[in-house]
Amino acid sequence: MRMTRRRALLGAAMSITLLAAGCGSSDDSTDEAPAATTVSDADVEAALQAGGNLTVWAWEPTLTKVVAQFQTKYPKVKVNLVNAGSGNDQYTALQNAVKAGTGVPDLAQIEYFALPQFSLSKAVTDLSAYGAKALDGTFSPGPWTSVHSGEKIYGLPMDSGPMALFYNKEVFDKYKIAVPTTWEEYATAAEKLHTANPKSYITSDSGDAGFTTSMIWQAGGRPYKVEGTDVTVNFDDEGTKKWTGLWQGLVDKKLLAPTPGWSDAWYKGLGDGTIASLVIGAWMPPNLESGVKAASGKWRVAPMPQWAAGEKVTAENGGSSLAVTEASQAKTLAYGFLKYATVGDGAQIRTDEGAFPATTAQLTADAFKNKEFPYLGGQKANEVLSEAATQVATGWSYLPFQVYANSVFNDSVGKAYTGGSTLQDGLKAWQEASTKYGQEQGFTIK
């Protein structure tokens, strides 16, 4: 993901509307297909051969090479790749363009947690009529589920973030800490490490909405249920309590470095061994390689710790879809580019460029699984990470206003990390804030 996960948690809140977005034209193409029309593969190929103009809003750097190769293959198509901002910055710009009815791109990169917000407001197109349902089985379960809303499909996965344990082997070896396979072992390791060296911590956490929801996801919590505009928000379930019970112990004993993720101090801690592990998405290796060069050769990857010995359950942490906007006047052509970028040649191009794939073909390829990572001491890390992609727990939903909810996370749950609350009380306050906002936006909240 090339550091895009952190941007999902930053920036101003974005308001939404439940009214259908007004139609706008992003270019002068005219091959738009009504939603009820079934578009065949032959229709898509014909649109690609005929050509036209497309505008794509995305910040993911691997798309630059995808666009170049696509235009070589389809020389009559001109793709204008625009970085309109990362995460919330782009979402705000996209919402404003939709509301104004002008300047809307044909396609937009939208992270999984934010996609429900755009699908419910009808800013993005249901791709079922374009044959997207036939791609069932093409993607790993987590990302494929994340682009669905009921039977409708509002984007195609670009990448994924199944969680794993990244750890500093040098530190673990120095203090004779075994790689934890359960969360109980992880908590024990946290105390052993910090006791041996008060400057070292098992990990850092100063409050992160994406990390928290991913951890609750793996623990079996399902705080969100969404059926159209009927929404349930409930952080009082057993899975949530399982995570808060363990993590509160780490907070109370001051076993977590109070270092904000992606800060200079965080990178320094990962480099000097004072932050000894991360439980994070599979997209992390390129970020370690570029941001923590001093620790090259020291880090390794292991499966995510489990709540019960022998289990094999993970959750997603990050990842993005690419969606066709409802305002596009070139939907068939846009879908042609979308397929190329996510399941066609573009899937391999992006994987070769360092993106962690969502496609099963790339995830299961011998070349991918056997790739050795010099930064990780020559480890074939993708063997662990591709296996994690098959173990993502099912049944998770995000709020249709998750962008807003994440933006106020630190106003409630964040206080638990400074002694002003507990995690469970903080989640209750977050629930109340999310409920109030949802009701103001016209949702029925339970």
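Fair warning: this is a prediction, and the values are worked out from it, not measured in the lab.

A. View of the overall build of the chain. In terms of regular secondary structure, the chain is built from 20 helices and 15 strands. Taking 22 Å as the expected radius of gyration for a compact globule of 446 residues, we find that the chain reaches 22 Å, a close match to that expectation. Once the C-alpha set of the chain is aligned to its principal axes, its extents read approximately 65 × 50 × 35 Å. Here the chain holds 446 residues, and 57% of them are scored as buried. Nonlocal contacts in the chain, meaning residues at least 24 apart in sequence, comprise 77% of its contacts between residues at least 6 apart. With an accessible surface of roughly 17,400 Å², the chain has 51% of that area assigned to carbon and sulfur atoms.

B. Spatial organisation of the environment of Tyr335. Among the secondary structure elements, Tyr335 is positioned in helix H13 (residues 331-342). Separated by 288 residues in sequence, Tyr335 and Ala47 have C-alpha atoms that sit 9.6 Å apart. Apart from the residues lying within four places of it in its own chain, the contact partners of Tyr335 are Val44, Leu127, Tyr130, Gly131, Ala132, Leu135, Leu156 and Val324. From its side chain, Tyr335 meets the backbone nitrogen of Ala132 in a polar contact 3.5 Å long.

C. View of the sheet that holds strand E15 (residues 444-445). Across the sheet, three strands lie side by side as E9-E10-E15; this open sheet has mixed pairing. Both outer strands of the open sheet, strand E9 (224-227) and E15, are each paired with one neighbouring strand and no more. As paired strands, strand E10 (residues 230-233) and E15 are joined by two bridges and run parallel to one another. Note on E15: the bridge partner recorded for Val231 is Ile445.

D. Quick peek at helix H14 (residues 345-352). Buried within H14 are the following residues: Gly346, Ala347, Ile349, Arg350 and Thr351. Phi for Gly354, located one or two positions after H14, is positive at around 115°.

E. Spotlight on the pattern of salt bridges. Per the stated rule, a full pass over the model turns up 11 salt bridges. Taking the shortest distance from any N to any O, the salt bridge between Asp345 and Lys73 comes out at 3.7 Å. Of the two residues, Asp345 sits in helix H14 while Lys73 sits in helix H3 (residues 63-73), which places them 272 residues apart along the sequence. Residue Asp345 is classed as partly exposed on the basis of its relative accessible area of 41%. As a salt-bridge pair, Lys241 and Asp236 come within 3.3 Å of each other at their nearest N and O atoms. Residue classification places Asp236 among the partly exposed residues on the basis of a relative accessible area of 46%. By sharing partners, the salt bridges in this structure join Glu60, Asp159 and Arg350 into a single network.

F. Summary view of the sheet that holds strand E7 (residues 163-168). If you trace the three strands from one edge of the open sheet to the other, you get E12-E7-E13, paired in antiparallel fashion. In this open sheet, the two strands that pair with only one neighbour each are strand E12 (277-281) and strand E13 (299-303). The sheet shows a mean angle of 30° between the axes of neighbouring strands, taken without regard to direction. By the bridge criterion, five bridges tie E7 to E12 in an arrangement that is antiparallel. Residue pairing for E12: Leu165 is matched across the bridge by Val279. In this fold helix H17 (residues 381-389) packs onto E7 and E13, with an angle of close to 30° to the strand it touches most, E13.

G. Just the packing of helix H2 (residues 41-50) against H13, in detail. The geometry of H2 relative to H13 is characterised by a closest axis approach of 8 Å and an angle of 95° between their N-to-C directions. As judged from the angle between their axes, H2 and H13 are roughly perpendicular. Residues Asp41, Asp43, Val44, Ala47 and Leu48 of H2 lie in contact with H13, whose contacting residues are Thr332, Leu333, Tyr335, Gly336, Phe337 and Lys339. The class makeup of the residues in the contact of H2 with H13 is six nonpolar, two polar and three charged.

H. A look at the environment of Lys415. Inspection of the secondary structure assignment puts Lys415 in the loop between helix H19 (409-412) and helix H20 (423-440). Along the primary structure Lys415 and Val313 are separated by 102 residues, whereas in three dimensions their C-alpha atoms are 29 Å apart. If we skip the residues at most four places from it in the chain, Lys415 touches Asn410, Gly420 and Ser421.

I. Looking closely at the packing of aromatic side chains. One pass over the full model with this rule turns up 30 aromatic pairs. Arranged with centres 6.5 Å apart and planes meeting at 70°, the rings of Phe113 and Tyr398 form a pair that is edge-to-face. With Phe113 in the loop between strand E3 (107-111) and helix H5 (115-120) and Tyr398 in the loop between H17 and helix H18 (402-407), this residue pair connects regions lying 285 residues apart in the sequence. Neither residue differs from the other here; Phe113 and Tyr398 are each classed as buried.

J. Local environment of the confidence of the model for the chain. Residues of the chain with pLDDT of at least 70 account for 92%, and the chain-wide mean is 92. Here residues 1-14 is a poorly scored stretch, pLDDT under 50, and it has 52 contacts once near neighbours within four places are set aside; other chains count.

K. Structural detail: the nonpolar core. By size, the foremost hydrophobic cluster in this structure holds 112 residues, and its most contacted members are Ile110, Trp247, Phe337 and Trp430. Looking at this core element by element, the count peaks at seven residues for H13. Counting residues in hydrophobic clusters, the runner-up holds 29 residues, among them Tyr267, Ile275, Ala282 and Phe368.

L. Just the side chain of Thr259, in detail. Looking at the element boundaries, Thr259 is found in the loop between strand E11 (256-257) and helix H11 (264-272). What makes Thr259 buried here is its relative accessible area of 16%.

Thresholds applied
- Residues numbered from 1 in each chain as written.
- Predicted model: local features only at pLDDT ≥ 70, side-chain atom pairs only at ≥ 80, totals over all residues.
- Heavy atoms only, no water.
- Helix = DSSP H or I, 4+ residues; strand = E, 2+ residues; numbered from the N terminus.
- Rg over C-alpha atoms; globule rule 2.2 N^0.38 Å.
- Buried < 20%, exposed > 50% of the residue type's maximum accessible area, 1.4 Å probe, protein only.
- Contact = heavy atoms within 4.5 Å.
- Areas by Shrake-Rupley, 256 points an atom, 1.4 Å probe, with all protein chains shown as cover.
- Polar contact = N/O pair within 3.5 Å; in protein donor to acceptor, adjacent residues only side chain to side chain.
- Pairing = 2+ DSSP bridges.
- Salt bridge = Lys/Arg side-chain N within 4 Å of Asp/Glu carboxyl O.
- Axes fitted to C-alpha atoms, helices over the stretch in contact; angles between N-to-C directions.
- Parallel < 35°, antiparallel > 145°, perpendicular 65-115°, else oblique.
- Nonpolar A, V, L, I, M, F, W, Y, C, P; charged D, E, K, R; others polar.
- Phe/Tyr/Trp six-rings, centres within 6.5 Å; stacked < 30°, edge-to-face > 60°.
- pLDDT = per-residue confidence, 0-100.
- Core = buried A, V, L, I, M, F, W, Y, C linked by side-chain atoms within 4.5 Å.

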